[in-house]
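Now for the letters of each chain:
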2 protein chains.
Amino acid sequence: MDIPSYQDMLAAHERIRPHIRLTPVLQSDHLNALSGARLFFKCENLQEPGAFKVRGATNAVFSLDRDRAAAGVATHSSGNHALCLSYAAGLRGIPCNVVMPHTAPEAKKDAVRRYGGTITECEPSTSSREETFARVQARTGSEFVHPYNDPRVIAGQGTCAKELIEQTGGLDIVTAPIGGGGMISGTCLTLAKLAPDTQVIAAEPEQADDAYRSFKAGQLIADDAPQTVADGLKVPLKDLTWHFVSNHVSDILTVSEQEIVDAMRLGWKYLRLVIEPSSAVPLAAILKNAERFKDKRVGVIITGGNVDLDRLPWTEGA
Amino acid sequence: MDIPSYQDMLAAHERIRPHIRLTPVLQSDHLNALSGARLFFKCENLQEPGAFKVRGATNAVFSLDRDRAAAGVATHSSGNHALCLSYAAGLRGIPCNVVMPHTAPEAKKDAVRRYGGTITECEPSTSSREETFARVQARTGSEFVHPYNDPRVIAGQGTCAKELIEQTGGLDIVTAPIGGGGMISGTCLTLAKLAPDTQVIAAEPEQADDAYRSFKAGQLIADDAPQTVADGLKVPLKDLTWHFVSNHVSDILTVSEQEIVDAMRLGWKYLRLVIEPSSAVPLAAILKNAERFKDKRVGVIITGGNVDLDRLPWTEGA
């Protein structure tokens, strides 16, 4: 297990800085009043491809030596990593192959294609995805960039917490959603050194709570094919992300599907940001556990904003 | 006619700075590619009450001497000025009375009430609004802050273009929607002095094109009760805003209802911002007149983001 270091994160930031946005940190007096906390929203949905995953993907793509890069990159992903890797590969002018479940949101599939990625579809289970991917990679010989269990990716994601601390001047708590754990791991990596007194609290859907159960059990427990509106958070922790979660995360809070949809709507209404369901999970957790966050300076990583605008969860079935 | 000066705008900026946000300027590679221009979106939808009108409203409220302020402020508005004046009055702790058409979006009425404003409803016509307002003002004795035909308001709106020029380092063109003309007038006021080579191009719905027709005719032509999805742009120019429009605007471009809705959706999808229909009018005009804007550095003022999330124009009637 090749654990990325704080130096790797700093190197990643230098490497990706020309290619990514320094996203703004926004506040809302109304959401502060509602939560009782002072919330600082780090808007990774405002990255060009609409998600924080552009950080890790860009770091991986631009880390490759010229020969390795020429064969391209490949991945499997529930969505944002796929489109961000396609975007990063496009920046460098190399091919990108992605394996996506056929159930992935159309908005994310369209974006992969727009950025020049080639999609191979699979069933919406971890096992089908890994099997399909093995075939694609054998055929193309391209460099595998795992969506989160990859030191280059974790180092890249860690640059977000660095900016957030620099932009806010310090925080009591940083919250982010947890799926595979790439953002949370990068956040732990960065804060352990840069702001060791800042707690990292992860937020997870009840219906995809492998990280919560692993955290409470003290050992890695895997799910296969959980169902949640937060489509970016269906994937399980792996050894590298479990390392960071088990060693540095202060707590994991879970929220219901309805709480996620309600928080997503609050984000649209009061932040005037298009945020995807996964991005609303930390806000839902803050509102549900208000006493935990009361009067604290809390960083909230808005992870992405790629939403199918024809299928909003609060109008579904209405 | 009391025409505000550049010094009034500078004084307004000092006065309101502690109360408003320095909103970010965002870019989208995708929208740049689509338009052929280099677009700089000034995100006034990210003001706490969700609209640029907080600038003029705050300037007016904090300009009042203590005795005048104690009697409160009053206005009539199709929406954002009403809620921004309520918000600004709340900041100073004084009453605010607003007259709104009963057809105004519920989201905007709710916000007025949330900020502590008192609503009196009227019919959706300029004449009914003015008549109802006269009664309210006579009863309360409060200070009238017109939504746009007021030098304090225009000076406040002009602070937005000041920030936009400072944040971008200079632009070839600034575009903004035109309804009553407050934002366009403030933009003209500021740019005439700060960036005299920067063109000001206004964008207007075809279905509420009194500014366009006035501009082409060289004299003020008023509408009553036009219908457009861009609910913030139904009001007509008045003498003070006509002064700026007739003297400094380079052109006025009009767009259809469908073009507004399409551009609004583009903003949601690629900027990941919740923008209201009025805010999409300049982007629609740029895409429709691409040759005009090709290779130019274009500032686009995103005027507001107060939308009824249950009634999106691309799902209406679907």
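Residues numbered from 1 in each chain as written. Chains lettered and ligands numbered in written order. Predicted model: local features only at pLDDT ≥ 70, side-chain atom pairs only at ≥ 80, totals over all residues. Heavy atoms only, no water.

Looking at an unreviewed UniProt entry, one finds chain A named Serine dehydratase, with Paracoccus tegillarcae as its source organism. Note on chain A: under the UniProt heading Sequence similarities (unreviewed entry), the record states "Belongs to the serine/threonine dehydratase family." The record held by UniProt for chain A lists under Cofactor (unreviewed entry) the comment "pyridoxal 5'-phosphate". (UniProt positions renumbered as here; feature names shortened; annotations may be inferred.)

Peer 1: Sorry if this is basic, but what is going on with the overall build of chain A here?
Peer 2: Looking only at helices and strands, one finds 14 helices and 10 strands in chain A. Whereas a compact globule of 318 residues would reach a radius of gyration of roughly 20 Å, chain A reaches 18 Å, a difference of no more than 12%. By principal-axis analysis of the C-alpha atoms, chain A measures approximately 55 × 50 × 40 Å. Within chain A, the fraction of its 318 residues that count as buried is 64%. Partitioning the intrachain contacts of chain A with sequence separation of at least 6 by distance along the chain shows that 73% fall at a separation of at least 24. Split by element, the accessible area of chain A, about 11,100 Å² in all, is 47% carbon and sulfur. Between the centroid of the 33 positive side chains of chain A and the centroid of its 38 negative side chains there is a distance of 4 Å. (Helix = DSSP H or I, 4+ residues; strand = E, 2+ residues; numbered from the N terminus. Rg over C-alpha atoms; globule rule 2.2 N^0.38 Å. Buried < 20%, exposed > 50% of the residue type's maximum accessible area, 1.4 Å probe, protein only. Contact = heavy atoms within 4.5 Å. Areas by Shrake-Rupley, 256 points an atom, 1.4 Å probe, with all protein chains shown as cover. Lys, Arg positive; Asp, Glu negative; His and termini not counted. Charge placed at Lys NZ, Arg CZ, Asp CG, Glu CD.)

Peer 1: Please clarify how the environment of Val-54 of chain B should be interpreted in this entry.
Peer 2: All names here are of chain B. Here Val-54 is to be found in helix 3 (residues 53-63). Its relative accessible area of 1% is what places Val-54 among the buried residues. Taking the C-alpha atoms as reference points, Val-54 and Pro-147, 93 residues apart in sequence, are found 11 Å from one another. Once residues lying within four places of it in the same chain are set aside, the contact partners of Val-54 are Ile-20, Gln-47, Pro-49, Cys-84 and Tyr-87.

Peer 1: What's the story with the interface of chain B and chain A in this structure? I'm lost.
Peer 2: Every contact between the two is made by 30 residues of chain B and, on the other side, 29 residues of chain A. Contact between chain B and chain A buries roughly 2,500 Å² in total, counting both sides, with carbon and sulfur atoms accounting for 49%. At the junction of chain B and chain A, the tally comes to four salt bridges. When the shortest N-O distance is used, the salt bridge between Asp-310 of chain B and Arg-265 of chain A registers 2.8 Å. Counting across the interface, chain B meets chain A through 20 residue pairs in polar contact (both at pLDDT 80 or more). Those elements that provide at least two residues to the side of chain B that touches chain A are helix 2 (29-35), helix 6 (106-114) and helix 12 (257-271) of chain B. For the side of chain B that touches chain A, a count of residues per class yields 14 nonpolar, eight polar and eight charged. (Buried area = accessible area lost by both parts, 1.4 Å probe. Salt bridge = Lys/Arg side-chain N within 4 Å of Asp/Glu carboxyl O. Polar contact = N/O pair within 3.5 Å; in protein donor to acceptor, adjacent residues only side chain to side chain. Nonpolar A, V, L, I, M, F, W, Y, C, P; charged D, E, K, R; others polar.)

Peer 1: Would you explain the packing of helix 9 (residues 182-194) of chain A against helix 11 (residues 239-248) of chain A in this entry?
Peer 2: How two helices sit against one another is set out by the angle between their axes and by the gap between those axes. Residue and element names in this part refer to chain A. One way to put it is that helix 9 packs onto helix 11 with a least axis distance of 9 Å and a crossing angle of 50°. Our classification of the angle between helix 9 and helix 11 gives oblique. Note on packing geometry: the crossing formed by helix 9 with helix 11 is left-handed. Two secondary-structure elements touch here, helix 9 through Gly-182, Ile-184, Ser-185, Cys-188, Leu-189, Leu-191 and Ala-192 and helix 11 through Leu-240, Thr-241, Phe-244, Val-245 and His-248. For the contact of helix 9 with helix 11, the residue count by class is eight nonpolar, four polar and no charged. (Axes fitted to C-alpha atoms, helices over the stretch in contact; angles between N-to-C directions. Parallel < 35°, antiparallel > 145°, perpendicular 65-115°, else oblique. Left-handed = near helix turned anticlockwise from the far one by under 90°.)

Peer 1: Sorry, what's going on with the relation of the copies chain B and chain A here?
Peer 2: Note on the chain copies: they are related by a rotation about an axis and a translation along it. Aligned on chain A, chain B shows an RMSD of 0.0 Å; the corresponding rotation is 180° and the shift along the axis is 0.0 Å. Both chain copies can therefore be described as sitting about a two-fold axis. Measuring from the rotation axis to each C-alpha of chain B, the shortest distance belongs to Leu-273 of chain B, at 2.3 Å. By residue overlap, the copies meet face to face through one surface: 97% of the interface positions of chain B are interface positions in chain A. (Least-squares fit on C-alpha atoms with pLDDT ≥ 70 in both.)

Peer 1: Just to check I follow, could you spell out the pattern of salt bridges for this structure?
Peer 2: Think of it this way: side chains of opposite charge can pair up when their charged atoms draw near. Residues and elements named next belong to chain A. Counted under the stated rule, the structure contains 46 salt bridges over all chains. Note that Arg-68 and Glu-143 form a salt bridge whose closest N and O atoms lie 3.0 Å from each other. Of this pair, Arg-68 sits in helix 4 (residues 66-70) while Glu-143 sits in strand 6 (residues 143-144), placing them 75 residues apart in sequence. Residues Asp-231 and Lys-108 are paired through a salt bridge, measuring 2.9 Å at the closest nitrogen-oxygen approach. With Asp-231 in the loop between helix 10 (210-217) and helix 11 and Lys-108 in helix 6 (residues 106-114), the pair connects residues that are 123 residues apart, well separated along the chain.

Peer 1: Is there a simple way to think about unusual backbone geometry in this case?
Peer 2: Apart from glycine, the bulk of residues carry a negative phi angle, and the bulk of peptide bonds sit in the trans form. One non-glycine residue, Arg-272 of chain A, lies in positive phi territory at about 55°. Checked against the element boundaries, Arg-272 of chain A lands in the loop between helix 12 (257-271) and helix 13 (277-288). Even without being a glycine, Asp-295 of chain B presents a positive backbone phi close to 65°. With respect to the helices and strands, Asp-295 of chain B occurs in the loop between helix 14 (290-293) and strand 10 (297-302).

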